[in-house]
Amino acid sequence: MSKKLPSAIYQAELARLQQELVKMEDHVARAGERVVVIFEGRDAAGKGGTIKRITEHLNPRLTRIAALPKPTEREQGQWYFQRYVAHLPARGEIVLFDRSWYNRGGIEHVLGFCTPQEYRLFLRQCPIFERLLVEDGIRLIKYWFSVSDEEQEHRFQKRIDDPVRRWKLSPTDLESRTRYVDFSRAKDEMFVHTDIPEAPWYVVEADDKRAARVNCIAHLLSQVPYDEPAVDPIEIPPRQSDVGYVRPPRELSTYVPDHAAALDRDG
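Residues numbered from 1 in each chain as written. Predicted model: local features only at pLDDT ≥ 70, side-chain atom pairs only at ≥ 80, totals over all residues. Heavy atoms only, no water.

**Considering helix 7 (residues 149-161)**
No. 1: Here helix 7 spans 19 Å end to end across 13 residues, near enough to the 18 Å set by a 1.5 Å rise per residue.
No. 2: For helix 7, every residue scored as buried is listed here: Glu 151, Gln 152, Arg 155, Phe 156 and Arg 159. Along helix 7, the residues classed as buried sweep out an arc of 140° about the axis, all on the same side. Those residues of helix 7 that are exposed and angled more than 90 degrees off the buried face are Glu 150 and Asp 161.
No. 3: Its buried side turned inward, helix 7 meets helix 8 (171-178), helix 9 (180-194) and helix 10 (209-223). (Helix = DSSP H or I, 4+ residues; strand = E, 2+ residues; numbered from the N terminus. Expected span 1.5 Å × (residues − 1). Buried < 20%, exposed > 50% of the residue type's maximum accessible area, 1.4 Å probe, protein only. Arc of directions from axis to C-beta. Contact = heavy atoms within 4.5 Å.)

**Looking at a positive patch on the surface**
No. 1: Positive charge collects at one region of the surface, where Lys 4, Lys 52, Lys 158, Lys 168, Lys 209 and Arg 210 lie side by side.
No. 2: Relative to the helices and strands, Arg 210 resides in helix 10. (Patch = residues over 30% accessible without salt bridge, like charges linked within 9 Å, V, L, I, M, F, W, Y side chains within 5 Å. Areas by Shrake-Rupley, 256 points an atom, 1.4 Å probe, with all protein chains shown as cover. Salt bridge = Lys/Arg side-chain N within 4 Å of Asp/Glu carboxyl O. Lys, Arg positive; Asp, Glu negative; His and termini not counted. Charge placed at Lys NZ, Arg CZ, Asp CG, Glu CD.)

**Here's the deal with the pattern of salt bridges**
No. 1: Evaluated as defined, the whole model comprises 21 salt bridges.
No. 2: Among the salt bridges present, the one from Asp 227 reaches Arg 30, with a minimum N-O distance of 2.8 Å. A residue pair is termed long-range when its members are at least 10 positions apart, and Asp 227 in the loop between helix 10 and helix 11 (259-266) and Arg 30 in helix 1 (residues 7-31) qualify at 197 residues.
No. 3: The partly exposed category is assigned to Asp 227, whose relative accessible area is 37%.

**Some thoughts on the pairing of strand 4 (residues 138-146)**
No. 1: Counting buried positions over the nine residues of strand 4 gives seven, a clear majority of the element.
No. 2: Note: strand 4 against strand 5 (residues 201-205), five bridges, orientation parallel. Counted as the bridge partner of Phe 145 is Val 204 from strand 5. (Pairing = 2+ DSSP bridges.)

**Quick word on the side chain of Gln 18**
No. 1: Topologically, Gln 18 is positioned in helix 1.
No. 2: For Gln 18, a relative accessible area of 8% gives the class buried.
No. 3: Side-chain polar atoms of Gln 18 contact the backbone oxygen of Arg 53, separated by 2.9 Å.
No. 4: Among residues more than four places away in sequence, those in contact with Gln 18 are Arg 53, Glu 56 and His 57. (Polar contact = N/O pair within 3.5 Å; in protein donor to acceptor, adjacent residues only side chain to side chain.)

**Looking at unusual backbone geometry**
No. 1: Of note in this structure, Ala 44 is not a glycine but carries a positive phi near 65°.
No. 2: The residue Ala 44 is located in the loop between strand 1 (34-41) and helix 2 (47-55) in this model.
No. 3: The backbone of Arg 99 shows a phi angle near 75°, a positive value even though the residue is not glycine.
No. 4: One can find Arg 99 in the loop between strand 3 (93-98) and helix 5 (107-110).
No. 5: Among the residues examined, Arg 99 registers a relative accessible area of 25% and is labelled partly exposed.

**Quick look at the nonpolar core**
No. 1: Judged by nonpolar contacts, the single largest core of 28 residues is most densely connected at Leu 21, Phe 39, Ile 54, Tyr 143 and Phe 145.
No. 2: Within the residue set of this core, elements represented by two or more residues are helix 1, strand 1, helix 2, strand 3, strand 4 and helix 10.
No. 3: If near-sequence neighbours (up to four positions away) are discounted, Phe 145 is found in contact with Phe 39, Glu 40, Gly 41, Arg 42, Ala 45, Gly 46, Lys 47, Thr 50, Val 204, Ala 206, Ala 212 and Cys 216.
No. 4: In this structure, Ile 38, Leu 88, Val 95 and Met 190 belong to the second largest nonpolar core, which totals 26 residues. (Core = buried A, V, L, I, M, F, W, Y, C linked by side-chain atoms within 4.5 Å.)

**Digging into the side chain of Arg 159**
No. 1: Counting through the fold element by element, Arg 159 comes out in helix 7.
No. 2: The buried charged residue Arg 159 lacks any salt bridge, with Asp 173 as its nearest oppositely charged partner at 4.6 Å.

**Focus: the sheet that holds strand 3**
No. 1: An order of 2-3-1-4-5 is seen for the five strands of this open sheet, with the pairing classed as parallel. Strands at the two margins of the open sheet, each flanked by one partner only, are strand 2 (63-66) and strand 5. In this sheet, neighbouring strand axes are inclined to one another by 20° on average, regardless of whether the strands run parallel or antiparallel.
No. 2: One ladder, built from six bridges, connects strand 1 with strand 3; its direction is parallel. Paired with Val 37 across the two strands is Leu 96, which belongs to strand 3.
No. 3: The sheet strands contacting helix 10 are strand 1, strand 4 and strand 5, and the helix crosses strand 4 at an angle near 160°. (Axes fitted to C-alpha atoms, helices over the stretch in contact; angles between N-to-C directions.)

Dropping the structure here:
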């Protein structure tokens, strides 16, 4: 097993990169840019953890996550890309797709959730669709998180053993293990058709979660040119005078019980 990135180095670099992400977001908002970042890859490859670190200190009004559930009956009768178009950014926004239209090229194809005709149509239309997005001025950045067979099994087992993370392991995730090679073939075929110059795929080696996170964030920052924002000094204004205001008695309000105080006494 290769050496993992030490925690202290990871935490320091992550903090630095997160500060840069705030600057990048500020630039996107001021310049009116539109940024779409796609996160794809095998189950338990670390996509969600990376997205969490990216958004941790960003403004949710400017940067949002699109993690769409299974399509409704109405959406199943739409053009395949239609429900994703509704989540594209407006000026000054960043959208992170936690899985995306590439569901059709992967899980839907491998597990038989779409027809062969729908799959072939997706492979033809996807590059056209993405070129249209880029032509319209959207920055489209696509990441594929790659994890080894052994590491995926290890992470699946950790989810099984941890009650607070067991929800992350769906029946579809477990079935995907039995179709591991089929998913590899589907990914290879998908790359042949959709790894285009206008929107190339960037592969993130993800066996080391810490390294994967900082590698992905550093690369993302390199894909969106931004400048150092001018920071105006901020002064806290004086508090309004409370002359003439009388606070109601405490007993008129219902307070949350002091659970923390009970813990302190027990300690």
